[in-house]
Structure formats: structure tokens, C-alpha cells
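Breakdown of the fold
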Amino acid sequence: MTENIGRNEPCPCGSGKKYKKCCGAKEAVSITHVIENEIDDLQKKLIHYALNHYEDEVFSGFEEYQDYFDIEEEELQFYEFVYTIWFSLFHVLEDGDTILEDFISSEVRKLKRPKLKQILQSWTEARTIAGEINHVGNNALIVVDGFTSEKYEVVLTNNKRPFEEGSFFIGFILPFDQKHVFFPAPFDLPELPLEQAIDFIEQKSRDAGYDSPQEFLTDFFMELMRDLTMIGGLVDIEGMEWAAPVYKEVAELLKKNLESLGEASPIVDLGIILWYQFCEKKQKKIKKPNLYAASLHYLLTTFNNMVSGLTQKEIAKLYNVPVGSLSSTYREMDDELEEEINKVIDIAYEEDELDSPFTAYPFNSLQGPMPTEQVMQEALADIQKQNFETVEEINDYLKKKLNSPTPKKVSKTNKERAQQLVYDAMEVQGPKRYKLAEEAIKLDPNCVDAYVILIENSTSLQEALMLSEKAMKIGEKELGKAFFVENKGHFWGLFETRPYMRAKAQYAGALYQLGKITEAIQQYEEILVLNPNDNLGARYSLFALYLDKGELSKAEKLLNQYEEESAHGLYNKLLLEVLKNGFTTKAAKMLKEAKKQNPYVIPLLTGKKRLPKHIPEYHGWGDENEAVIYVEEHLHLWKKVEGLQEWLKKF
């Protein structure tokens, strides 16, 4: 029979201490460990619950994330695990709940320990956190929130990995009685300075139009966790062998100012490397390091969208140097580093082609894929002259033609020579472009693409309307009525239709700008009938026209016809919901989804950020160019929504 021992009685082990301060204390510790182990089990159960009940939702979301970030194979399992946790804690399902809330409802009634029930129910207050590991204790950390400076004691359950005091970290924390517990552990980056990391998150938050960096951290946790590993920089100025101390001073000054503007570390590294190469080539006696740092800074801005676009005057003011001196020194650097700069641009271009699915919108059909179109037209003409016996033979020929284009052929007819002049015009800008188009029309008055080029140089909308209508009618006549009947629904896939389609799109755009809404709608609708795949992006203009005319049902039907997870698709769905039903709960949910896809739209809609003077020709999914293109065409529609500014400020 076991005898009950009072807490204040002598411990039966013979130590001479009271039971509560001897074996009784050990027993208390073991109970704490039991609860910690049970919390670990609950975390594991939550993961299993998510994968058992919501596997499709979790993995479809992760596939998009994986494609976007090009995760390496060895990192895949780790990011998949973290994504599953983030998705379970914070992603709102169609019924309005999170996976965590569903899990709590399912699991809490199975628990017998009241304390554990209380802890599990408090997990609805789960949060993301980014900050500093302030103190490392016995199985616990004191961490400081980088945004609020609040301190949290966080228990490390079954963690054997060491942490460094002063390290930056990012992670998920759950309430644990009066303390917290990580889920599963903090992701620490000891080499990344805390201030730089927090500034990076706050800057990204402002750029995305968020009032709260904490909310931004929660919505974009996965992206930030990935990005934060890349902002530390790889180039060590101290470790480089500088021929003179002043050269190092220039590098440090450049780095300081680029980082103060929030430029990414790879850009800072690039600037330092270019400066080092310049110093190796030219052993100059430098009296004004500010001047060379400023000139190099401006040189970086000339790369395509690589660095924030400050003017020469703004950079001169930043470095406190004369504009004239900056200009001449920049030209010297540009000439000296021409070979190195070309390599950088080539690499950047290749990466954009491979890694960034850039899309043209409005589709600029006079740039982009035209060289391929030219080669294909030549190849199809050759195919008609050849005696290929199988489809495989034709495909092999086409692949060889596209991968190894032959020199331009000498055109024999005026029509061929005119088309060649058009292709040449499409590769240049300025007066030469329009001169080549005029020469093409002299050779072939029916050269539709030549008129399309001249529309760009129109001095008025009326002239643009006249030229585009003329080009369109020539295109209709060239193709013939029977062609339209036979090939309706397959236009654009046939190369001979493209000049006509380009002209028709130009004509519709001119009608739109002149306020001829009904006529413009008719043209865009006809474009979609001829080419349902809509390579020209007619659906975007048509949607705006439907709303201009108040035809909401047609606008909704169009959105349903072209389901897409782009800024145009998601923000237009939101706009339609607000116009039809006001600021509903559904609209709030749609806004959150749209912001996740492209956070740059909201600052432009609210006026926090101005539209640039020149609208970009290309964009990538979710980037700032996509936001600019969308807002430029739809801002007038959003301005009609009363109370929009006040509503958006709530999110």
C-alpha cells in the first residue's frame, strides 16, 4: 500500500529536505514536461489533420509557391513543411474558418486534461513574429518583437539546437499559459543584422500598401522567409584587396547609400564588384570619393529596372556633388566597363526569359515575338515548296528553322519586300521606324502592318482612328469573306491573320479613347469571337467598357469566361462585387486574396503611390508593372466607388 506524503513532510528519500523541495519538485517538473510533450503531440496532430482533410488545398497552394520561387530539390521538404504550418494557422477556407479552428473543434473534446484544453483553445491567437533572440535560457528563449519591442518568453519543447543571443529570427508562436511556444521552432539568421531585416520587412510592407508590417508578415510569411535569406549580401568589402584606401571608401559610401534606399543586397554586391573592376582597370588618383560613388550609383540606375530610378540631379544631391561632374565621370565609367555591363545585362535578360513568365499587356504585338513570327512565315512558305511525307518531318524542320534561323532571304516581290521593311521597322524606334513603314506602303499599299506602325505616330485620335480603320478594311479584303467563315475561332493561330487583328485592336482602342463606347465594345467582342484565346488581351478593355456602360451582367459573364489568378482577374472580380453588392464580407475576403496575388495595386488605387509617366510594355505575374498596367486602365472605374478609400484603410 502506497502512503500519501504531505508536501511539507520530510522526503522519504532520506535527503533531510521537505518533500516539496526534493522529489516532489522533480515530480512537478515531470508534469510540466508531460504537458510540453502533449503540446508537441498536438502540433503533430494538427499537421496530420491538415494533410488528411485538406491535402488538395495545401498542395495546390504549395505548388504555386514552389513554381514561383524555384525551390531546390534538397530544400523542398523543409519549405513544404513550413508552408503546411502557415496554411493551417492562417489561411482562411471557403467557410470562413482556418484549418486550425476546425482542428480545435474536432480535437478539444477528446482531451481530458483541462489545462491542455485551455491551451489548445488559446491557439486561435497564433501569430507570426520577426525580431531578436534577446536571451537564451534553459529550454526557453526571451525574444523581442522587431515591430513593437514587446518581449515574449517562449518555451523550447524538445529542442536540441543551440541559438545565439542577438540573432534575428522569424517564426510562428502559440500561446502556452502565460508564455508561448514555437511551432515548430524559430528560424534564425544569425548573420543578418536585426535592423536591416526589420527595415526590409517594413519597406516591403509599405510598398505593398499595408498599414501594418505585422499583417504583411502574416500574409507573406513564406515569401519573406525566402527573401530574408538573400538580403545579407555576399561581397565582403573588408576582405577585398583594394589598391588604395580611397577605393575602399568609395565602395563603403556606395553600399551605405544603396542600402539606405532599400536596394537588395545582390544589387549592392553588383555595384561593389563593378567598382572593383573599374579600379583594377584604371588606377586613378581620387580626391572626391563622393563623386565616384555617385557616378557608379547612377550607372546602376541605367540597367533595366534593376535599381530605383533616381535622376542624375537626385543622385547628385544624395552624394552632395555637382550634376555636371557626375555626368562626365559616369560616362567615363560607362565606357570603361562596357564589356562587364553587357555581361550583366545578358545574364539578367537570360534569367528573365527562363525564370520570369513575362506577359505583354496590353499585348504589344509589334514587339516581343515578331522575330519568331517572321521565321515561322518564312518556314511555312518553304514547307509549301517541300515534299514532306510526315508530320514528324515538318516538326523537325520547324524546330531546326526556329533554333538556327538562316540569314534573311532576298525578297522577290514588292509585297515580300514591304513585309521585310515592316519587320525591320519593328526592331527599331524613332523616325527610322516610321520611315521604313512609309517605304513599305509605297511598295505595297495593302501592307496592313505598315499602317499599324504609322498609327503610333498619329498626331490626333481622329487620325489614329482613320488609319486603323483603313488598315482593318484592307486586312478584311486581303483575307476574303470565306476565310472569316472557315477560320472563325482560330484567328491569331494563323499568321496571315495577325496584321488584320493588330489593326482591329488599334481601331477598337481609338474608338474607346474617343468615347465611342458601343462601337468599341462591338470591335472587342468580334476580336474574341475570331480569337477566343485572346492573345491580344481584348478582354481587359472589354470588361472596362462593359462597366463604363453599366452592363454588369456582361462583365460578370466575361470574367467567368476567362478565369485567371492575375491582378486583372482578381481585382476585377472584387470591383464587380463592390459595384453590385457594396462592401460585403465576401468583398473583404476577395480583397485579401487579390492583395496576396499583387500587393502593389492598392497603393496606386488609393493614391499613396502615383502612376508613372510611361506605362510599361511588359509585366510579370504579381509584379509592380502588372499593377501599373491594371490601375492605368481601371482607375476611373474604381474612383466611381463611394467610400472606397475609407473601406480600403480597414485592411
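Structure shown above.
Report follows, based on the coordinates. (Residues numbered from 1 in each chain as written. Predicted model: local features only at pLDDT ≥ 70, side-chain atom pairs only at ≥ 80, totals over all residues. Heavy atoms only, no water.)

1. Side note on the packing of helix α19 (residues 448–456) against helix α22 (residues 498–513)
As a reminder of what qualifies: Throughout, an axis means a line fitted to C-alpha atoms (over the contacting stretch in the case of helices), and angles, computed between N-to-C directions, take values from 0 to 180 degrees. Numbering of helices and strands runs from the N terminus; a helix is a DSSP stretch of H or I covering at least four residues, while a strand is a stretch of E covering at least two. Each angle is binned into one of four classes, with values under 35 degrees roughly parallel, values over 145 roughly antiparallel, values of 65 to 115 roughly perpendicular, and all other values oblique. Each crossing gets its hand from how the near helix is turned against the far one by less than a right angle, where anticlockwise is left-handed and clockwise is right-handed. Working rule for contacts: check all heavy atoms of both residues, and any pair within 4.5 Å makes them a contact. Polarity classes work like this: nonpolar for Ala, Val, Leu, Ile, Met, Phe, Trp, Tyr, Cys and Pro, charged for Asp, Glu, Lys and Arg, and polar for all others, with Gly in that last group.
Two elements in contact, α19 and α22, have axes separated by 8 Å at closest approach and are oriented at 30 degrees. As judged from the angle between their axes, α19 and α22 are roughly parallel. Seen from above, α19 lies across α22 with left-handed handedness. Taken together, the residues of α22 that come into contact with α19 (itself represented by V448, D449, V452 and I455) are P499, Y500, R502, A503 and Q506. Of the residues in the contact of α19 with α22, the class split is 6 nonpolar, 1 polar and 2 charged.

2. Describing a negative patch on the surface
For clarity, the threshold we go by: To count toward a patch, a residue needs a relative accessible area above 30% and no salt bridge. Like charges then connect within 9 Å, nonpolar side chains (Val, Leu, Ile, Met, Phe, Trp, Tyr) within 5 Å. We get accessible surface area from the Shrake-Rupley algorithm with a probe of 1.4 Å; when it comes to residues, only the shown protein chains can shield them. Throughout this description, the term salt bridge denotes a Lys or Arg side-chain nitrogen within 4 Å of a carboxyl oxygen of Asp or Glu. Under the counting rule used here, the positive set is Lys and Arg, the negative set is Asp and Glu, and His together with the chain ends is not counted. Throughout, a charge is located at the NZ atom of Lys, the CZ atom of Arg, the CG atom of Asp or the CD atom of Glu. Think of it in three bands: with a 1.4 Å probe and only protein chains considered, a residue is buried below 20% of the maximum accessible area for its type, exposed above 50%, and partly exposed in between.
On the surface, E55, D56, E57, E94, D95, D97 and E101 cluster together into a negatively charged patch. Ranked by the residues each element gives to the negative patch, the list is headed by helix α2 (residues 55–69), at 3 residues. Looking at where E94 falls in the secondary structure, it is placed in the loop between α3 (76–90) and α4 (99–107). The class for E94 is exposed, based on a relative accessible area of 81%.

3. Focus: the packing of helix α23 (residues 517–530) against helix α24 (residues 538–548)
Relative orientation of the contacting elements α23 and α24 amounts to 145 degrees, with a least axis distance of 9 Å. In this structure, α23 crosses over α24, and the sense of that crossing is left-handed. The residues of α24 that touch α23, namely those facing I517, A520, I521, Y524, E525, I527 and L528, are A538, R539, S541, L542, L545 and Y546.

4. Examining unusual backbone geometry
Residue P184 is reached from F183 by a cis peptide bond, and omega for that bond is -5 degrees. As for its position among the elements, P184 is in the loop between β5 (179–182) and β6 (187–189). Of note, the phi angle at N320 is positive, near 60 degrees, even though the residue is not glycine. As for its placement among the helices and strands, N320 is situated in the loop between α12 (312–319) and α13 (323–336). A positive phi angle is found at D534, which is not glycine, with a value near 55 degrees. Along the chain, the position of D534 falls in the loop between α23 and α24.

5. A look at the side chain of T128
Inspection of the secondary structure puts T128 in strand β1 (residues 127–136). In this structure T128 touches F90, G171, F172, Q214, L217, T218 and F221, once residues within four positions along its chain are discounted.

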